[in-house]
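# Summary of the model geometry
So you can see what is in the structure, the chains are spelled out below.
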Amino acid sequence: MAENGEEKLLAVARHIAKTLGQNDTMADDILQIFSNFDGRFSREKLSEKMVDDNNPRGCAALERALHALDRQISQYVALDHPIWAQTADSSAFLDAIDGLIRTIRDWSPMAADKSVGACLVRADDLMQQAMFRVEDEFRSLMDRGAESFELSRSNHESTGNLSFDSDEDNEENEEGLLNNGADLDHQIPVAQPVTDYDIVIDALPSGTINDLHEIAKRMVVAGFGKECSHVYSTCRREFLEESISRLGLQKLSIDEVQKMPWQELEDEIERWSKAANVALRILFPSERRLCDRVFFGFSSDADLSFMEVCRGSTIQLLNFADAIAIGSRSPERLFKVLDVFETLRDLMPEFDSVFSDQYCLVLRNEAITIWKRLGEAIRGIFMELENLIRRDPAKTAVPGGGLHPITRYVMNYLRAACRSRQTLEQVFDESNVVVPSNKLDDRRASSSSMSVQIAWIMELLESNLEMKSKIYRDSALCSVFMMNNGRYIVQKVKDSELESLLGDDWIRKHTAKVRQYCTNYQRSSWNKILGTLKLDNSSLASNAIAKSMKEKIKSFNSQFEDVCKTQSSWVVFDQQLREELRISVSRLLLPAYRNFMGRLQCIPEVMRNADRLIRYSVEDIEARINELLEGGRK
Amino acid sequence: MPSTEYQGISAPLTNLGRSLLPLRRDQVHSMESPIGGSPSNEVELESFQRQVADRFHDLASVPSDELLSLPWVRKLLDVFLCCQEEFRVILFNNKSQVKKPPMDRLIADYNERTVKALDVCNAIRDGIEQIRQWQKLIEIVLCALGGDSNSSQRSLGEGQFRRARKALIDLAIAMLDEKDSGQAVAHRNRSFGRHNNSSSHSRDPHHRSLGHFRSLSWSVSRTWSAARQLQAIGNNLAVPRGNEVLATNGLAMPIYTMGSVLLFVMWALVAAIPCQDRGLQVHFNVPRQFPWAAPILSLHERILEESKKRDRKNACGLLREIYQMEKCSRLLGELADSVQFPLSEEKEKEVIQRVKELKLVSDAMKEDLEPLEKQVREVFHRIVRSRTEGLDSL
């Protein structure tokens, strides 16, 4: 119905123009007046119908339409101030372009007609001029929009609400970076610093975005989408790269990363983590949104432009992570490499969502590759740790059979590593860790790769310690050494995540091992002495007994003296264990000694020389035992 | 992978090349070393030398008009991947040797070189992206002048030519050598931000275009230099001494060979593809007695020759397709500058011909650029893998 009404209206308008217009120009002017008066009388509608109505005059209508469009468009193309400074100007210009687009579209099927063809060449020419001009307008809108954004932003900043990093060093660093680049780089608008990632910044004022969209729409429709996308992505790419460099991230080659002192690299990694978070959580999604709004309705152009904008910065971010993954595998790097791994892992959903289109997919896949490589690097670090443990030479014995530095190092290292247990479980689950499974308990086969890994390291540590214990010539000291280190290991396991990783069985087994070492110690240092106190019940002649007893006490004296002397420099660092050991030695020795003394007192020959022969009372013995294993502290 | 199963018919070895290995064999045998060269090891090492030689002979047999073409560069990368793969197998088969001095040091040296090559790979990836940007401009030209199938069959008007010329000028600036384009970019940057409305709407299209081109930035810092990186890769790359060959059971030889192959391949990539601070002054002191030395040295010489040609001296990359791109677009640009409207039939034919040529170049580029990028990435990944394997086996 409405259309029908419009048809009638247009017919009337055409009739008026035809009858009143004494020549083409006048008719054209009348139509122009109509079209300015009401949107329904657009030039195309009017002229289109005129052609259909009156075919021989059709080309003339096209001529007229073009003429009018030319007048309008040329006027704007020639303007020496921005057309988009005035809304009226810009919308009139856009209307004219729309008219031109429609005219070309409607007439193109008739291009075979020579005069129509000639007109269309003119129309193309006009279109090109209009497009160059809107391209310029587009560019300056982007630049100016970003500038005004920066202005409003510096107000924000002065309130101090949004400070990403107040580190003074960083600011100096940034200055340095800027000075290296073009002097005027600081005028390039950049994203504001933030602490809260859960925001999207509007890189351009909303009005500007609408203007850009209106232009982009025309450019794409007119076949100038490539130019539009090119201008768009060049401007935004610069903005983005500048933003990233303001986050303190340098462009480093792999070689440079390899050569960088570790401490510096640690700082760099921290900066990288922040930058990666800001980029993936704020900057890229904001760019995505901007891009989608500017190229609304043209998803392919939007996707391509977005990829062009983000590619460089993404590669820069990923290259650094890659360099870290490729770098040295010394164990102390574990914790920072874990940071990089975790940062990338936590950003994977962002990579997935922001780089989901066909053009960006390659960036997402790169991110996955590098993330996996970081996992390999972490496994590599553990392998390196294994190697270090396995090859740690037994150079000098720890005095007194005390705690070996490697035990302390490995246990504290593993405890610290366990703080990232979830991540490590993920890392180890992803690979089939090559641990000789036959060496481990079958029970553990069902447990996680991480516990297998840790159990394997513990095993390596123990065998390394056993190798080291061989350096002690005294087998009792050897046991003290194993006991000390075993005890330390069990304790460190018990009060950390390691406990649940290794499991109760492991702890029971190792506690038992420590006990075994205690027994070994007692056996090898005290059994012989105990032997001297052994009374033989044989019915020897009394003088023979006296002689034997005399020998025994002498032997006991000297052996006890020796043991005490040696063992006073030995150490059992754990107080409880030390007490237990002393008690059990006392329990072993004192009754036997008491018994022996009792027997001795029945032998007059001995008692006559009691002062000389009996050097220790039972209490003396107990006192001496209580001085043992203090590590020479007394 | 065409790689590992490659079984070239053994090309005739140069006598000198042969002499190196038998010498070692005699010495090893006379030492009666317990780790002494097993015959299979001998065969393996010799066949490695021969395979490398065969492959480079094949590469060097390229006619001069295909040297440095995209397909050739891709083949070069394939050769590298094959050599690297065989090298990896050799190291794998000699695991026990790898950990011992002086082998460990030689491997560490080689790994040091490969890390540097990784940066070259990344720089080349940037360079490929650069070429892709040029492609975009060419597409605009083709779009304007009817080179793409989508555009109408309408006769060419002034508007189309203006559009094409603008893109061609942008392209010419973009293709200038890095140093020059750096200036153009600096020029552009100077006006960026300090926005001046009136100047930004100056009507001189040439002036405007100059301002528009903003170079794609590299992923490395401004001070990074491909030339220096190449020098670092080749640093101290020396033929192993007799005692080293002995002590490594001959393995020093493939390491040296692989080092040379790496250096040459990276050098050729830098020669072909745009990257930051290209420079080809790397010395190849490969003794001629290696069977692969002749083809590599000959290729090196031919590529150097190419770089000295007058019309290639200032090129941003010796890749044949870049050259054609540059030539076609220059000719088209000259033609576009000279045409008068309405276009004479003769001129129109000429333009169509030139556009067709440009399209051919552009299509060839389009076809091979992505696979090339993937290959460069593959080279990167392989190098990393062989490094990690080396580390893992320690």
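Residues numbered from 1 in each chain as written. Chains lettered and ligands numbered in written order. Predicted model: local features only at pLDDT ≥ 70, side-chain atom pairs only at ≥ 80, totals over all residues. Heavy atoms only, no water.

UniProt lists a comment for chain B under the heading Sequence similarities (unreviewed entry), and it reads "Belongs to the ROH1 family." In the Subcellular location (unreviewed entry) part of its UniProt record, chain B is described as follows: "Membrane". (UniProt positions renumbered as here; feature names shortened; annotations may be inferred.)

As annotated in an unreviewed UniProt entry, chain A carries the name Exocyst subunit Exo70 family protein and is attributed to Hibiscus sabdariffa. The Function (unreviewed entry) comment attached to chain A in UniProt states, word for word, "Component of the exocyst complex." The UniProt entry for chain A carries the following comment under Sequence similarities (unreviewed entry): "Belongs to the EXO70 family."

Moving on, we come to the overall build of chain A. Each helix and strand counted, chain A has 24 helices and zero strands in total. Taking all 634 residues of chain A together, the buried fraction comes to 53%. Pairs at least 24 residues apart make up 79% of the contacts formed inside chain A by residues separated by at least 6 positions. Accessible surface, chain A: about 28,700 Å² in total, of which carbon and sulfur atoms supply 50%. (Helix = DSSP H or I, 4+ residues; strand = E, 2+ residues; numbered from the N terminus. Buried < 20%, exposed > 50% of the residue type's maximum accessible area, 1.4 Å probe, protein only. Contact = heavy atoms within 4.5 Å. Areas by Shrake-Rupley, 256 points an atom, 1.4 Å probe, with all protein chains shown as cover.)

UniProt records the feature "transmembrane region" (unreviewed entry) for residues 251–273 of chain B in the present numbering. Taken end to end, residues 251–273 of chain B is 91% helix and 0% strand, and its first and last C-alpha atoms sit 33 Å apart.

All names here are of chain B. A cis amide bond, omega 0 degrees, links Pro 101 with the succeeding residue Pro 102. Structurally, Pro 102 is set in the loop between α4 (95–98) and α5 (103–144). One non-glycine residue, Leu 68, adopts positive backbone phi at about 65 degrees. Tracing the backbone shows Leu 68 in the loop between α2 (39–60) and α3 (70–93). With phi around 60 degrees, Asn 249 is a residue other than glycine that occupies positive phi space. Along the chain, Asn 249 turns up in the loop between α11 (242–247) and α12 (252–272).

Right, let's talk about the environment of Ile 507 of chain A for a bit. As for its position among the elements, Ile 507 of chain A is in helix α19 (residues 498–532). With 13 residues separating them in the primary sequence, Ile 507 of chain A and Lys 494 of chain A have C-alpha atoms 7.7 Å apart.

With that settled, the discussion passes to helix α8 (residues 206–221) of chain A. Residue and element names in this part refer to chain A. The end-to-end C-alpha distance of α8 is 23 Å, a good match for the 22 Å that 16 residues give at a rise of 1.5 Å each. When we look at burial in α8, the residues that qualify are Thr 208, Ile 209, Leu 212, His 213, Ile 215, Ala 216, Arg 218, Met 219 and Val 220. Gly 223, located one to two residues past α8, shows a positive phi value of around 90 degrees. (Expected span 1.5 Å × (residues − 1).)

Our next topic: the pattern of salt bridges. What the rule picks out here adds up to 66 salt bridges over all chains. For Arg 487 of chain A, the salt bridge is made with Asp 574 of chain A, and the minimal N-O distance between the two is 3.1 Å. Residue Arg 487 of chain A is located in helix α18 (residues 475–494), and its partner Asp 574 of chain A is located in the loop between α20 (542–567) and α21 (575–600); the two are separated by 87 residues in the primary sequence. Classification of Asp 574 of chain A by relative accessible area gives buried; the value is 10%. With its nearest N and O atoms 3.1 Å apart, the salt bridge here joins Lys 359 of chain B to Asp 363 of chain B. Within this pair, Lys 359 of chain B and its partner Asp 363 of chain B are both found in helix α15 (residues 345–393), separated by four residues, close to a single helical turn. With a relative accessible area of 28%, Lys 359 of chain B lands in the partly exposed category. Overall, the relative accessible area of 30% leaves Asp 363 of chain B in the partly exposed class. (Salt bridge = Lys/Arg side-chain N within 4 Å of Asp/Glu carboxyl O.)

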